[in-house]
Amino acid sequence: NLLLTTMLPTLLLPKMAFETGIPPENKTLVVVPTMLLTPESIREDIDQLEIRYLANTDSSLSFGLFGDFSDVKEREADQDSSLLEIAIGGIQALEKKYGEGKFYLFHRLREWSDSENAWIGRERKRGKLEYLNRFLTGEALPENIVYVGKAEALKGTRYVITLDADTQLTKDQARSLVEIISHPLNRPFLDASRKKTERGYTIIQP
């Protein structure tokens, strides 16, 4: 990463100025894909989610964890239900503290993988984000993924900010990203085949 940023020039993109907050039509979900491994790691993920929220309190923002379980040789493990209960309880506590419609717990079950010879979360983090985008665009999924939060409140979500579990979201950085991606000159336009972006961006990365 250091080599690339040294060799390639920084591209400055135009951005909007949402001085009074992110407009409702640019509703955005901040999601952190994670693994439900131990009670301690789950509580840490929830604490970090709260910190991200406190630094980015726009009314058009919501925050969620998207978890799945570790790989196992059987479909379920003894600790699965207890770990999931901790995650559910933690997100519900944030809802109670800050109000409904702001926090979500997404979760999916394991699937069998021949290549890994184990029950795993399909395609790891990429698979979770694919499921999430399919859900947000109204596609029917083979399982329920919303374990905490009002699913109907996510209708109209336009953007998703994805963070690693160890990545922080500094004060008002979510708004800054939305200001960039929503600028008319940055909006993506597809060619006639709808397979290639002629101009604009579907993904930006700070």
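Here, the structure is the one placed above.
What you see is a predicted model; the values in this text were computed from it and never measured.

Definitions and limits used
Once a new chain begins, its residue numbering starts again from 1 and follows that chain's sequence as written. Where totals are concerned, whole chains, interfaces and linings use all residues; where local detail is concerned, this predicted model gives features only for residues with pLDDT of at least 70, and gives and counts side-chain atom pairs only at 80 or more. Side-chain measures were taken over the full set of non-hydrogen atoms in the model, leaving aside hydrogen atoms and water. Under the scheme used here, helices are H or I runs from DSSP no shorter than 4 residues and strands are E runs no shorter than 2 residues, and both carry numbers assigned from the N terminus. Radius of gyration: over C-alpha atoms. The globule rule applied is 2.2 Å multiplied by the number of residues raised to the 0.38 power. Three labels apply to residues, based on accessible area from a 1.4 Å probe with only protein chains included: buried if under 20% of the type maximum, exposed if over 50%, partly exposed otherwise in between. A strand pair is defined by DSSP finding two or more bridges across the two strands. Looking down the strands as they point away from the viewer, one classifies a crossover as right-handed if the path from the first strand across the helix to the second runs clockwise.

Broken down by element type, the protein carries five helices and nine strands. Over its C-alpha trace the protein gives a radius of gyration of 18 Å, about what one expects of a compact globule, namely 17 Å for 206 residues. Along the longest, intermediate and shortest principal axes, the C-alpha atoms of the protein span 50 × 40 × 40 Å. Here the protein holds 206 residues, and 41% of them are scored as buried.

The side chains of a regular strand alternate, residue by residue, between the two faces of the sheet. Of all five residues that make up strand β3 (residues 103–107), five are buried, and the element is covered over most of its length. Across the two faces of β3 the burial is the same, with Phe-103, Leu-105 and His-107 and Tyr-104 and Phe-106 all buried. Pairing between strand β2 (residues 61–68) and β3: five bridges, direction parallel. Looking at the pairing, Phe-63 lines up with Phe-103 of β3. Read from β2 through helix α3 (residues 80–98) to β3, the crossover connection turns out right-handed. Where β3 lies against strand β6 (residues 146–148), two bridges are found, and the strand directions are antiparallel. The residue of β6 that forms the bridge with Phe-106 is Val-146.

The analysis is restricted to geometry; functional conclusions fall outside its scope.
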